[in-house]
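# Report on the structure
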Amino acid sequence: MLTTLWLLLSFAVSVLRSHFSISCPNRHCQLALLSNNDIFLHCNASGAQWQLFFLSAKTTWTNNPFTNSNVETMPDGSLLIRNPLPLQTGFYNCQDKDGKKVVQYEIDFQDIETIHITHKGLGQEPLQNETLSLGGKELIFTHWEPWQDCNRCGEPGERKRLGYCYIEEPLETPMPCWLYLGDVNLWSSRMRPEMQVEACHVQCTSSNVDYVTFDNFKLSEKLGSAWLTCPLGSIYRPIIWEADNLPLTWKDQVSGQAVSTILDTSNGQVFQPATYKCFVQQELSAQFNPKSDLDIPASLSAEDSGQQPEVEEAQKGKADPVLKGLRLLLLAGTVLGLLGALLKLFHPSRGRKRNQVLLVK
């Protein structure tokens with residue numbers, strides 16, 4: 001039952017996740033993005049064919065192997081890239097059915113695992129510009145995107161902006177770091193993306209009650225934690241988590257004050273049972289409720305926990321009064337059920353309502 005629940009959750013997350021869409025009106029676009037965040041690359045062409053060239057491996061891919069990777073051509077010709085990797089930095093060319101180039105994307109997928117996070121409220125400063133060691137004239141700097149919207153309304157919240165590593169030569173147009181380097185193997189602690197966070201407070205302008213509820217999560221017996229993924233969540237959108245209606249802020253995370261959760265761009269690792277909610281663009285997206293141990297069959301609990309027989313016997317002794325109470329309740333329910341059956345003889349009984357795992361409005 002527990003395995004089935006998590007399979008349903010995983011399927012629902014993959015279906016409901018909203019991808020960040022990118023269009024290129026000029027037929028040739030160069031941009032930096034972050035790894036591990038799904039994207040759509042648009043191509044307005046009938047019978048679109050994609051050709052990919054990865055700089056690090058110097059390999060070319062066409063449509064054929066996409067079904068065996070994290071890259072998929074959609075029916076409308078767009079290209080879906082799930083959890084892109086830094087190694088997939090390169091050129092993405094779209095052609096029409098006659099082989100004519102329609103659009104080319106040059107994308108630098110910068111490693112989100114190395115992102116440098118600072119919070120203005122803590123007096124933290126972004127990375128400083130540095131000189132690249134190749135020729136001494138190349139400048140490494142951060143190209144900042146505009147601030148995203150506040151992640152809460154009507155109450156104090158936070159907003160973030162993303163910054164990407166760029167390299168600039170004198171009198172030349174700056175380029176994303178790994179598009180500039182190509183297959184050159186060079187490492188510098190300065191060559192990393194950034195995220196800056198600051199406090200914000202805005203008024204609410206609209207309200208939407210549509211949301212998705214994921215019932216029941218359980219902390220891992222071995223790790224003592226659980227990962228929760230927010231549908232529609234992306235680093236490119238404002239997002240906030242709440243635990244029992246208390247906001248989980250980046251300020252607490254960056255300062256080390258948050259000990260019961262680890263925030264991610266669209267995920268949260270939780271170490272304590274609570275009711276967790278995630279909000280995307282100030283709208284409730286999902287709610288995660290803790291699953292009680294009493295809701296899990298004894299066979300699954302024993303199998304998952306891997307406890308020694310002595311510990312199991314001790315726990316069984318502690319649970320005896322509870323089990324006896326449950327048996328009494330079950331007996332009383334059975335008696336009442338028999339009485340009801342006698343009163344409604346030959347009438348069909350109502351089926352039990354199944355627990356609702358996923359609610360989508």
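Above this text sits the structure in question.
Residues numbered from 1 in each chain as written. Predicted model: local features only at pLDDT ≥ 70, side-chain atom pairs only at ≥ 80, totals over all residues. Heavy atoms only, no water.

### A short note on the environment of Gln-128
Worth spelling out the cut-off: Note on conventions: DSSP H or I runs of at least 4 residues are helices, E runs of at least 2 residues are strands, and numbering of each starts at the N terminus. Remark: exposure states derive from per-residue accessible area (1.4 Å probe, protein chains only) relative to the maximum for the residue type, with buried under 20%, exposed over 50%, and partly exposed in between.
Mapped onto the secondary structure, Gln-128 falls in the loop between β10 (116-119) and β11 (130-131). We classify Gln-128 as exposed; its relative accessible area is 57%.

### Side note on a nonpolar patch on the surface
Worth spelling out the cut-off: Residues forming no salt bridge and having over 30% relative accessible area are the ones grouped into patches, like charges within 9 Å of each other and nonpolar side chains (Val, Leu, Ile, Met, Phe, Trp, Tyr) within 5 Å. Note on areas: Shrake-Rupley with a 1.4 Å probe; residue coverage comes only from the protein chains shown. Salt bridges are defined as contacts in which a side-chain nitrogen from Lys or Arg sits within 4 Å of a carboxyl oxygen from Asp or Glu.
A grouping of Trp-227, Ile-262 and Phe-271 is seen on the molecular surface, where their side chains present a nonpolar patch of about 270 Å² in accessible area. Within the secondary structure, Trp-227 is located in strand β17 (residues 226-229). Given a relative accessible area of 46%, Trp-227 falls into the partly exposed group.

### Considerations on the pattern of salt bridges
Considering all chains together, one arrives at five salt bridges under this definition. Of the charged contacts in the structure, one is a salt bridge between Glu-72 and Arg-82, with a shortest N-O distance of 3.0 Å. Note that Glu-72 is positioned in strand β6 (residues 71-73) and Arg-82 in the loop between β7 (79-81) and β8 (90-95), a separation of 10 residues in sequence. Given a relative accessible area of 35%, Arg-82 falls into the partly exposed group.

### Some words on the sheet that holds β8
The pairing of strands in a sheet happens through backbone hydrogen bonds and is either parallel or antiparallel. Note the cut-off: Strand pairing is assigned whenever DSSP detects at least two bridges linking the two strands. Throughout, an axis means a line fitted to C-alpha atoms (over the contacting stretch in the case of helices), and angles, computed between N-to-C directions, take values from 0 to 180 degrees.
Spatially, five strands are ordered β2-β9-β8-β4-β5 in an open sheet, and the strand pairing comes out mixed. Both outer strands of the open sheet, β2 (28-34) and β5 (59-61), are each paired with one neighbouring strand and no more. Each adjacent strand pair in this sheet contributes to an overall mean axis angle of 20 degrees, direction not counted. The pairing of β2 with strand β9 (residues 101-110) spans seven bridges and is classified as parallel. Paired with Leu-34 across the two strands is Gln-110, which belongs to β9.

### Observations concerning the sheet that holds β7
Taken together, four strands build an open sheet; the order of strands is β1-β3-β7-β6 and the sheet is mixed. Two strands in the sheet have a free side with no partner beyond their single neighbour: β1 (20-22) and β6. For this sheet, the mean inter-axis angle between neighbouring strands, taken without regard to orientation, is 20 degrees.

### Overview of unusual backbone geometry
In this structure, Asn-36 takes a positive phi of about 65 degrees despite not being glycine. Within the element layout of this structure, Asn-36 appears in the loop between β2 and β3 (39-41). Its identity is not glycine, yet Gln-281 carries a phi of approximately 50 degrees, on the positive side.

### What to know about the state of the cysteines
Applicable threshold: Our working definition of a disulfide is a cysteine sulfur pair at a distance within 2.5 Å.
Taken as a whole and judged by the stated rule, the model has six disulfides. Linked covalently through their sulfurs, Cys-153 and Cys-204 form a disulfide whose S-S length is 2.1 Å. What sets the handedness of the Cys-153 and Cys-204 disulfide is the S-S torsion sign, and at about 95 degrees it is right-handed. Taken together, the residues Cys-153 in the loop between β12 (139-144) and β13 (157-168) and Cys-204 in the loop between β15 (194-200) and β16 (212-217) connect sequence positions 51 residues apart. We classify Cys-153 as buried; its relative accessible area is 18%. Residue classification places Cys-204 among the partly exposed residues on the basis of a relative accessible area of 45%. The disulfide that involves Cys-165 links it to Cys-177, with 1.9 Å between the sulfurs. For the disulfide bridge between Cys-165 and Cys-177, the dihedral angle about the S-S bond is near -70 degrees, and by the sign convention the bridge is left-handed. With a gap of 12 residues between them, Cys-165 in strand β13 and Cys-177 in helix α2 (residues 177-181) connect regions that are remote in the sequence. Cys-177 shares its class with Cys-165; the two are buried.

### Focus on the packing of aromatic side chains
Stated formally: Only Phe, Tyr and Trp rings take part, Trp by its six-membered ring, and two of them pair if their centres are within 6.5 Å. Stacked means planes under 30 degrees apart, edge-to-face means over 60, and tilted covers everything else. A ring is scored as having a charge over it whenever the NZ atom of a lysine or the CZ atom of an arginine sits within 6 Å of its centre and within 35 degrees of its normal.
Throughout the structure, instances matching the rule amount to eight aromatic pairs. Look at Tyr-92 and Phe-109: their rings are 6.3 Å apart centre to centre, the planes differ by 85 degrees, and that puts the pair in the edge-to-face class. With Tyr-92 in strand β8 and Phe-109 in strand β9, the pair connects residues that are 17 residues apart, well separated along the chain. Here Tyr-92 matches Phe-109 in class, with each residue buried. For the cation-ring pair, Arg-161 lies above Trp-144, with the distance from its terminal atom to the ring centre recorded as 4.3 Å.

### Some remarks on the environment of Leu-223
By secondary structure assignment, the location of Leu-223 is in the loop between β16 and β17. In sequence terms Leu-223 and Phe-271 are 48 residues apart; their C-alpha atoms lie 8.8 Å from each other.

### Focus: the side chain of Asp-38
Worth spelling out the cut-off: For the purposes of these results, a polar contact is taken to be a pair of N or O atoms within 3.5 Å, where, inside protein, one atom must be able to donate a hydrogen and its partner to accept one; residues adjacent in sequence count only when each atom of the pair is a side-chain atom.
Looking at the element boundaries, Asp-38 is found in the loop between β2 and β3. Note on Asp-38: relative accessible area 7%, which makes it buried. A polar atom in the side chain of Asp-38 sits 2.7 Å from the backbone nitrogen of Asn-83.

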